[in-house]
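Below, each chain spelled out in residue letters.
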Amino acid sequence: MERKTFYITTPIFYPNGELHMGHAYTVTLCDIVARYQRLLGKEVHFLTGSDEHTVKVVRAGEKVGKGPKEYIDGILENFRSLYSSIDISYDQFIRTSDKETHWPGAIALWNKLVEAGDIYKKKYAGLYCVGHEAFITEKDLVNGVCPDHGVAPENIEEENYFFRLSKYTDAVRTKIESGELTILPETRKNEILSLLKDGLQDVSFSRPVSKNSWAIPVPNDPEQVMYVWCDALANYITAIGYGRDEKGFNHFWPADYHVIGKDILRFHAAFWPAMLMSAGLPLPKKIMVHGMITSQGKKMSKTLGNVINPLDLLHKYGKDALRFFLAKEVSPFEDGDVTVETFEAAYNSALTNGLGNLTSRIMQMAISYEVTYDAKALGSVQDTILSEKHAAYRASFDSFRLNEASGYVWKLIAELDAEIQTKEPFKLFKINPDEARVVVKGLVEKLWEISCLLAPILPDSSAKVQLAIVNKVKPTLFPRK
Ligand code: MSP
């Protein structure tokens with residue numbers, strides 16, 4: 001029987017600096033879901049990548065005397081190394097500068113929009129914020145600068161191609177209201193519906209080649225290149241074959257999940273569905289919109305000095321500590337705060353004193369009491385996840401509440417701790433060793449079950465616990481800091 005497919009995407013990141021906690025957050029959430037779906041037996045395609053044709057990347061390269069390609073190649077090395085140090089199991093990394101993988105599909109999509117009569121040329125004057133890579137209005141400004149980027153917008157007058165976004169206001173609204181395109185959580189769905197109430201305005205979809213010669217040329221017009229968002233959104237379909245491999249494309253499209261931050265909701269929940277409808281393509285099934293990672297209640301910024309580098313946390317506490325914090329301590333649908341203090345407190349209580357201590361106590365007893373068990377008879381990860389009694393864990397995953405799914409596992413950890421306290425096998429062993437062995441065997445089996453449920457969330461620790469059980473050794477997990 002053919003396996004069901006599951007296609008999940010992260011936004012493609014601007015490679016104009018280092019990846020920070022916010023980026024690490026998006027990819028970690030996607031990774032947990034991708035691993036979970038693989039464990040259920042699905043054929044998963046997990047896509048991530050880089051959004052390269054942006055003026056800010058070109059400018060960042062110029063600052064250090066490098067051309068865009070050379071500059072980005074260096075940055076992407078860092079992206080990949082961060083991904084591998086948090087065990088991000090992506091299947092594909094798309095680069096929008098990839099002329100073989102991305103460009104044919106982006107051009108094919110543009111041609112479809114033209115065929116639908118949705119592209120027209122118009123002279124336009126407006127304020128352009130390079131940070132947003134979008135036109136903004138006077139009323140968006142605070143003291144003359146864009147409040148998100150702290151920079152004054154550029155005054156631009158250009159002749160561009162426009163996309164008839166306005167034509168799709170009602171159609172997009174219907175898809176969202178009917179749930180055909182699900183926006184998670186409800187608050188973001190309402191936010192986009194209220195934006196649609198005001199009606200969408202046509203949007204500039206190209207820039208003069210003189211402004212960004214590095215971008216994808218508009219078909220049949222050597223004077224214009226594609227606007228970064230039109231080029232970037234296309235990555236979700238070009239990566240899997242649109243415009244070059246129809247079979248591959250149809251295999252995975254429509255996507256099951258686009259996972260994005262709340263700052264790019266409008267592009268994904270209005271532009272993108274409209275573009276797909278114009279091209280006669282099915283819409284993604286769900287868009288999951290997460291909150292922002294803040295520190296001390298504020299957006300991380302160099303000026304405020306509250307930036308937390310994921311690499312620092314990784315070096316000190318290890319990859320599963322970072323994954324744990326992002327999955328369990330942050331609500332996926334709201335902003336979440338990270339400080340070194342809260343991180344360390346969570347590490348000590350849930351990992352060192354929680355999972356780490358529980359594993360070492362149980363294995364210590366299993367070894368010293370010479371408890372016998374057949375490791376091969378312990379259930380598989382898949383059977384455990386699919387078992388009737390863990391329906392609540394699966395329900396949390398199905399609604400993208402990864403903090404709840406993680407909370408479910410930590411509840412089992414607490415229960416197992418409590419069981420040791422009540423049954424006191426360490427005292428029992430002195431009076432009745434055989435009975436104590438039966439108790440400890442039961443504890444080992446429950447620890448195994450916990451390790452199975454941890455597999456998508458903390459793959460490394462899950463494997464370490466399982467190895468310890470199979471080889472009957474005491475592992476070192478989460479040393480005290
Ligand atoms: N290139 C566009 C996306 C194109 S997708 C077709 C872009 N890139 S980005 O690098 O600026 O941001 C990528 C993602 O990181 C976005 O989802 C954004 O919300 C997320 N985050 C950036 N800072 C963040 C936090 N501080 N917290 C959580 N996520 C954040 O936008």
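Going by the structure above, here's the rest.
Residues numbered from 1 in each chain as written. Predicted model: local features only at pLDDT ≥ 70, side-chain atom pairs only at ≥ 80, totals over all residues. Heavy atoms only, no water.

Q: Help me understand the state of the cysteines, please; the structure alone is not making it clear to me.
A: Between two cysteines, a covalent bond joining their sulfur atoms is known as a disulfide. Scanning the model with the defined rule gives 0 disulfides in all. Sulfur of cysteine 230: no disulfide; nearest cysteine sulfur belongs to cysteine 129 and is 19 Å away. (Disulfide = S-S within 2.5 Å.)

Q: Is there a simple way to think about the pattern of salt bridges in this case?
A: For side chains of opposite charge, pairing can occur when their charged atoms come near one another. The full count for this structure, using the stated rule, is 29 salt bridges. One salt bridge in this structure joins lysine 319 and aspartate 87, with 3.2 Å as the shortest N-O distance. Of this pair, lysine 319 sits in helix H12 (residues 319–329) while aspartate 87 is found in the loop between helix H3 (68–85) and strand E3 (92–95), placing the two residues 232 residues apart along the sequence. With relative accessibility at 25%, the residue lysine 319 sits in the partly exposed group. For aspartate 87, a relative accessible area of 19% corresponds to the buried category. Aspartate 460 is paired through a salt bridge with lysine 464; the nearest N and O atoms lie 3.1 Å apart. Taken as a pair, aspartate 460 and lysine 464 lie in helix H19 (residues 459–471) at a separation of 4 residues, close to a single helical turn. For aspartate 460, a relative accessible area of 24% gives the class partly exposed. (Salt bridge = Lys/Arg side-chain N within 4 Å of Asp/Glu carboxyl O. Helix = DSSP H or I, 4+ residues; strand = E, 2+ residues; numbered from the N terminus. Buried < 20%, exposed > 50% of the residue type's maximum accessible area, 1.4 Å probe, protein only.)

Q: Would you mind going over the packing of H12 against H19 with me for this structure?
A: For any two helices packed against each other, one specifies the inter-axial angle together with the distance between the axes. It is at 8 Å that the axes of H12 and H19 come closest, and there the two elements cross at 120°. Between H12 and H19, the angle is such that the two are oblique. When H12 is examined against H19, the residues Lys319, Asp320 and Arg323 are found in contact with a partner set consisting of Pro459, Asp460 and Ser461. Broken down by class, the residue content of the contact of H12 with H19 amounts to 1 nonpolar, 1 polar and 4 charged. (Axes fitted to C-alpha atoms, helices over the stretch in contact; angles between N-to-C directions. Parallel < 35°, antiparallel > 145°, perpendicular 65-115°, else oblique. Contact = heavy atoms within 4.5 Å. Nonpolar A, V, L, I, M, F, W, Y, C, P; charged D, E, K, R; others polar.)

Q: Even after reading the chapter, I still don't get the nonpolar core, so can you show me in this structure?
A: What tends to happen in soluble globular proteins is that the nonpolar side chains get buried as a cluster. If you look at the biggest cluster of nonpolar residues, it comprises 98 residues, and the most contacted ones within it are Ile8, Met21, Tyr393, Phe400, Val409, Trp410 and Ile469. Core analysis: the next-biggest nonpolar cluster, separate from the first, contains 66 residues, Ala106, Leu113, Leu265 and Phe271 among them. (Core = buried A, V, L, I, M, F, W, Y, C linked by side-chain atoms within 4.5 Å.)

Q: What am I meant to see in the sheet that holds strand E6 (residues 154–163) here?
A: Working definition: the strands of a sheet are paired by backbone hydrogen bonds and lie parallel or antiparallel to each other. Sheet architecture is open: 4 strands sit in the order E5-E4-E6-E8, paired in antiparallel fashion. Only two strands of the sheet have a single neighbouring strand rather than two, namely strand E5 (134–136) and strand E8 (203–204). Relative to E6, strand E4 (residues 119–129) runs antiparallel, the two sharing 10 bridges. Across the sheet, residue isoleucine 119 finds its bridge partner in E6, namely phenylalanine 163. Sitting on the sheet, helix H10 (residues 265–278) touches E5, E6 and E8, and the angle it makes with E6 is about 35°. (Pairing = 2+ DSSP bridges.)

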